[in-house]
Amino acid sequence: MRIAIIGSGASGGLLALMINHYRPSWFVTIFEKESVLGGNHTWCFHPNDLTKRYSKIIDPLISVTWPRYQVKFPKFVRILNTSYCLIQSQSLEAALRRQAPHQLKIEPHEIQNPLGLLDQFDFVFDGRGLNQERIFELPGFQMFLGIELKFQRPHGCEYPIIMDSQVEQIDGYRFMYALPMDSTRLLLEDTYYSNTPDLDQKVLRDRIMNYAQNHFGAVDQVVRSEVGILPIPVSSLKFDDLDNKRIIPIGLRGGYFHPTTGYSFLQSLRFCSQFVDFVQSHEDLELWSQRYAYTQSVQTDYYYFLNKMMFLGAEPHKRFQIFERFYKLPEGLISRFYNMELGFSDKLRLLSGKPPFGPSTYLVRNTLKWLRRGKNSLKDVNETQHYIS
Ligand SMILES: Cc1cc2nc3c(=O)[nH]c(=O)nc-3n(C[C@H](O)[C@H](O)[C@H](O)COP(=O)(O)OP(=O)(O)OC[C@H]3O[C@@H](n4cnc5c(N)ncnc54)[C@H](O)[C@@H]3O)c2cc1C
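Residues numbered from 1 in each chain as written. Predicted model: local features only at pLDDT ≥ 70, side-chain atom pairs only at ≥ 80, totals over all residues.

Peer 1: How would you summarise the overall build of the chain if you had to cite specific residues and measurements?
Peer 2: Helix and strand content of the chain: 12 helices and 17 strands. Going through the 389 residues of the chain one by one, you find that 36% of them count as buried. For the chain, the proportion of contacts with a sequence separation of at least 24, taken over those separated by at least 6, is 75%. (Helix = DSSP H or I, 4+ residues; strand = E, 2+ residues; numbered from the N terminus. Buried ≥ 20, exposed ≤ 12 C-beta atoms within 10 Å, placed from the backbone. Contact = placed C-beta atoms within 7 Å.)

Peer 1: Which residues make up the site of the ligand, and what values do they have?
Peer 2: Every one of the 32 residues lining the ligand counts as a neighbour, but Gly-7, Gly-9, Gly-129, Gly-251 and Phe-265 are closest to it. Elements represented by at least two residues in the shell around the ligand include exactly helix 1 (10-22), strand 3 (42-45) and strand 14 (219-231). Across the shell around the ligand, the residue classes tally to 11 nonpolar, 14 polar and 7 charged. Here the shell around the ligand gathers at least three residues from each of two domains, domain 1 (2-62 + 88-135 + 234-298) and domain 2 (141-158 + 179-228). (Near = placed C-beta within 6 Å. Nonpolar A, V, L, I, M, F, W, Y, C, P; charged D, E, K, R; others polar. Domains from an automatic or database assignment.)

Peer 1: Lay out the sheet that holds strand 3 with the relevant residues and their values.
Peer 2: The 3 strands lie next to each other as 3-7-4, forming an open sheet whose pairing is antiparallel. In this open sheet, the two strands that pair with only one neighbour each are strand 3 and strand 4 (62-66). Each strand of the sheet is rotated relative to its neighbour by a mean of 20 degrees, with strand direction disregarded. Sheet analysis places strand 3 next to strand 7 (residues 84-88), joined by 4 bridges and oriented antiparallel. Looking at strand 7, one finds that Trp-43 is bridged to Ile-87. Contacts from helix 4 (residues 89-99) reach strand 4 and strand 7, with the element oriented near 60 degrees to strand 7. (Pairing = 2+ DSSP bridges. Axes fitted to C-alpha atoms, helices over the stretch in contact; angles between N-to-C directions.)

Peer 1: Please give an account of the confidence of the model for the chain that cites residues and values.
Peer 2: Of the residues in the chain, 87% reach a pLDDT of 70 or more, and the chain-wide mean stands at 86. Low pLDDT, under 50, characterises residues 373-389; the predicted model gives this stretch 29 contacts beyond four residues in sequence or across chains. (pLDDT = per-residue confidence, 0-100.)

Peer 1: Describe the sheet that holds strand 14, naming the residues involved and giving the relevant values.
Peer 2: Read across the sheet, 7 strands follow the order 6-5-11-12-13-10-14 without closing on themselves; strand pairing throughout is mixed. This sheet does not close on itself; its edge strands, each paired only once, are strand 6 (77-80) and strand 14. Across the sheet, the mean angle from the axis of one strand to that of its neighbour is 15 degrees, orientation sign disregarded. Bridging between strand 5 (residues 69-72) and strand 6 involves 4 bridges; their strand directions are antiparallel. Residue pairing in the sheet places Lys-72 in a bridge with Val-77 of strand 6. Packing of helix 5 (residues 201-216) onto the sheet brings it into contact with strand 10 (141-151), strand 12 (173-180), strand 13 (185-194) and strand 14, and relative to strand 10 it is tilted by some 50 degrees.

Peer 1: Could you give an account of the environment of Gln-120, naming the residues involved and the relevant values?
Peer 2: Note that Gln-120 resides in the loop between strand 8 (104-107) and strand 9 (123-126). Taking the number of C-beta atoms within 10 Å as the measure of exposure, Gln-120 has 11 and is therefore exposed.

Peer 1: Any chance you could break down the pairing of strand 2 (residues 27-31) for me, citing the residues and the numbers?
Peer 2: Pairing between strand 1 (residues 2-6) and strand 2: 5 bridges, direction parallel. Counterpart to Ile-5 in the pairing with strand 2 is Ile-30. For the crossover from strand 1 across helix 1 to strand 2, the handedness is right-handed. Pairing between strand 2 and strand 8: 4 bridges, direction parallel. (Right-handed = clockwise from strand over helix to strand, strands pointing away.)

Peer 1: Outline unusual backbone geometry, listing residues and values.
Peer 2: Located in the positive-phi region is Asp-171, a residue other than glycine, with phi close to 55 degrees. Following the sequence through the fold, Asp-171 ends up in the loop between strand 11 (161-164) and strand 12. Of note in this structure, Met-340 is not a glycine but carries a positive phi near 55 degrees. Relative to the assigned elements, Met-340 resides in the loop between helix 9 (331-339) and helix 10 (344-351). Classification of Met-340 by C-beta neighbours within 10 Å gives partly exposed; the count is 19.

Peer 1: Describe the pairing of strand 5, with residues and values.
Peer 2: Looking down a regular strand, the side chains alternate between one sheet face and the other. Here strand 5 shows a clear split, with Tyr-69 and Val-71 buried on one side and none of Gln-70 and Lys-72 buried on the other. Pairing geometry for strand 5 and strand 11, over 3 bridges, is parallel. Within the sheet, the bridge partner assigned to Gln-70 lies in strand 11 and is Ile-161.

Structure representation (structure tokens):
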């Protein structure tokens, strides 16, 4: 089998490693337009059974595992004894380079038209990531500026603070995210659950530097920075419309991400895991990929409903109350929410009780606004497959 993978990010890179390990007789070629593989990322996730099952591949990529993490809200602080891991794209790059050139071919080329690869390859996995120009039609975004800082003295932050919502609420739900990379280095992200994808980097940078100074001490140097504008959809998304069954979109391009966080690392792992199961079977790949896309879309419907409540139901300045209530729930339920493993009773539990915002004209006004948006209306978003490429 000759396989082409476009893009060496979380989805393409992981898939290449998995095929290499579990199907070494297949010829895999990665096409990557940048000179580095894997991009410039720090991928965090809550490890689960999948990560344990593929620990041979995943464990060597993990640079830090914290046994717990913290959330902070105006009315309470909570420590969750659930582990949280970090993989940096450099580790993925190193793992891919170790396989090349004998088992894995790496082509430093930009592929404009995936269809053109079908002459030479049996299947093409399209992992080109988000097409940023096309996400602006959505009602909600998780966006952030992240800056990795080196402090003059140990910062004292032992484990991640994945939401510090004690900061001023601006532009929807705002929180700070802090990841201790080591005793003097921290990655700080100023994050917004906003209705618009407008991010002023200069302003966010100043807010991060003030937060750093006030909470962790004097900064020695800025190590690196990253910007994310992640889609928070209210209905099924697919970022490609190439109508060819031999081209299989993966990662963000395939719409495989957590609908409420925009994160995709675990979804990419889930795709790889099911693909590995598939290669042991004799099923047709075209049918398999269609069935996979369908089963994923069924799972995500519930999350779309939650997103609608968050972006169309809650007034932006009250949005943080949704998360404040969520983080009072049992730890197991919180983990299952992030791992997209919610059972029926979990779903009921999440929706039980009084919503943290009362009936408001905001919902009516916002829904009407979406209905008036013509092509991109709420009606369209809800009732049709929303293809974005
Ligand atoms: C700043 C930031 C932080 C994030 N943090 C997390 C996190 O902590 N945890 C998490 O789960 N998710 C996170 N995400 C969300 C998501 O998981 C990542 O964006 C993830 O990298 C997406 O994987 P992907 O493979 O779909 O796309 P990408 O990782 O973006 O990979 C796409 C690759 O395709 C290449 N490419 C694009 N076009 C072409 C072309 N025409 N020809 C050849 N190559 C091409 C790109 O250069 C890139 O290497 C984050 C996103 C951002 C932006």
